[in-house]
Structure formats: C-alpha cells, structure tokens
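# Notes for the structure review
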Amino acid sequence: MLFLITGFLSLIFLLFTTRYYLFGGLSVLSFLLYFIYYGNGNWLTLVLFLFGIFLLFVEVFVPGFGLIGITGLGLIALGLFLNSENILGSILDISLAVVISGIATAVMMKKGYKLLPGREKLVLSSSLDRERGYSASKDYGEYLGKSGVARTTLRPSGKADVEGTTLDVVSSGAIIYEGAPIKVVHVEGIKIIVKELDKV
C-alpha cells in the first residue's frame, strides 16, 4: 500500500511542480514495486499500467485539454485493480491512495501551486504591443519600473501590490514568495513581468 500511495503522491507533485523527471521517475518506480510485490503476473495489467504512465507523461509535455491525462489515470487505476486477486484489498488500497492524493492536491492549490507550472496555455509568447496594431483594454505601461510587494507566492503567476494597486503579475523566472519586495521590469500588453527587488 505504501508503494501505491507514494506513486500517486508523486504524480500529484509531478503535475504541480516543474520537477517532472524526479517525481515521474519516483512514481514509475513506486508503481512497479507495488506491481512486483503484489501482482498476479498477468501481462495485460502491466501493459495497461505502463500505457497509463505513458499517457500521463504525454499530457505533461504535450499541450492538451486533460483528456489524455484522465485516460492515463484511468488505465493506471484499472491496471492496479486487475493486478491483484484480492479485489477488495485493491479497492481499499486505491481508494486510500486517491483520498490522500486528493487531500495533497487541495493543500497544494490552497498554498498557491498551479497545475502544470511553466505550461501556461493562455499566456501568449509574443508581445502584443501597439506597434503591431494591438490594443489592450488597459495600459499597464505606467507600472513599468515601479516597485511593490508580492501579495501571493508567484509560481510564476500571482498577485502583487504596486503603488497601492493590486495587479496580476508573472515572475520573470525564479519563484517569488509572498511578502517579498518586487519591481516591474517588463510589460507586454496586459502581461506584467516582475522580479524580486534585490535581484534586479
């Protein structure tokens, strides 16, 4: 059971951090150990399990809408469920692992972690400036060079107070923790990029 819980928790950490390889490898290792120690030797369960892991990695590294990841989780659960002759035991193990993973997910979201950080699909990589004919509903250029304080932890996005105004901002790279002094270093349309003040 411990291997199963560790595997599911590693998958959660994989989805909420940028340490994909570390937690991905740990989850695969944990699931395989569970499979080896508690398995019935059925090759089909191993195929389902491995294909589910593969789909999870595809979901992390290839833009999508979550369907691939959900399918992967379903195949992992099915493979683990069919892996044991003790069906009731498998149900209890999977249920406990899912409950603990759900609690871990809620805690991480409450602490400001975002799903799949570094893969913000709604943020454009190109600059939407007036020279190219774009126009934002509000000009945030006035905040360029201004200083403020991070209201939430930026991983990399979050909120900051800049001269008495609460703004949605994005860290230029490193994580900026709540309460840290920041400075606006770049503005791209409605995208406000900041750095921790002592690193500017």
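So, a few notes on the structure that sits alongside this text. Remember, predicted model here, so these are calculated numbers, not experimental data.

### Some thoughts on the overall build of the chain
When helices and strands are tallied, the chain shows five helices and five strands. When the helices and strands of the chain are listed from N to C terminus, the series reads α-α-α-α-α-β-β-β-β-β. The buried share of the chain, reckoned over its 200 residues, is 36%. Within the chain, residue pairs in contact and separated by at least 24 positions form 54% of the contacts whose partners lie at least 6 positions apart. Roughly 11800 Å² of accessible area belongs to the chain as shown, and the carbon and sulfur atoms make up 66% of that amount.

### Considering the side chain of Ser 171
Along the chain, Ser 171 turns up in strand β3 (residues 165-171). In this structure Ser 171 touches Leu 154, Pro 156, Ile 176, Ile 193 and Val 194, once residues within four positions along its chain are discounted.

### As for helix α4 (residues 67-83)
Compared with an ideal rise of 1.5 Å per residue, which puts 17 residues at 24 Å, α4 spans 24 Å between its outermost C-alpha atoms and is within 8% of the ideal. Listing the buried residues of α4 in full gives Gly 69, Gly 72, Leu 75, Ile 76, Gly 79, Leu 80 and Asn 83. Viewed along the axis of α4, the buried residues span an arc of 130°, placing them on a single side of the element. Among the exposed residues of α4, those pointing more than 90 degrees away from its buried face are Leu 67 and Ile 70.

### Describing the pattern of salt bridges
Tallied over the entire structure, the rule returns three salt bridges. Ionic pairing is found between Lys 146 and Glu 163, a salt bridge with its closest N-O pair at 3.9 Å. Pair noted here: Lys 146 is in the loop between α5 (87-110) and β1 (147-150) and Glu 163 is in the loop between β2 (157-162) and β3, with a separation of 17 residues, a long-range link. A relative accessible area of 29% places Lys 146 in the partly exposed class. Judged by relative accessible area, which is 55%, Glu 163 ranks as exposed.

About the criteria used
- Residues numbered from 1 in each chain as written.
- Predicted model: local features only at pLDDT ≥ 70, side-chain atom pairs only at ≥ 80, totals over all residues.
- Heavy atoms only, no water.
- Helix = DSSP H or I, 4+ residues; strand = E, 2+ residues; numbered from the N terminus.
- Buried < 20%, exposed > 50% of the residue type's maximum accessible area, 1.4 Å probe, protein only.
- Contact = heavy atoms within 4.5 Å.
- Areas by Shrake-Rupley, 256 points an atom, 1.4 Å probe, with all protein chains shown as cover.
- Expected span 1.5 Å × (residues − 1).
- Arc of directions from axis to C-beta.
- Salt bridge = Lys/Arg side-chain N within 4 Å of Asp/Glu carboxyl O.

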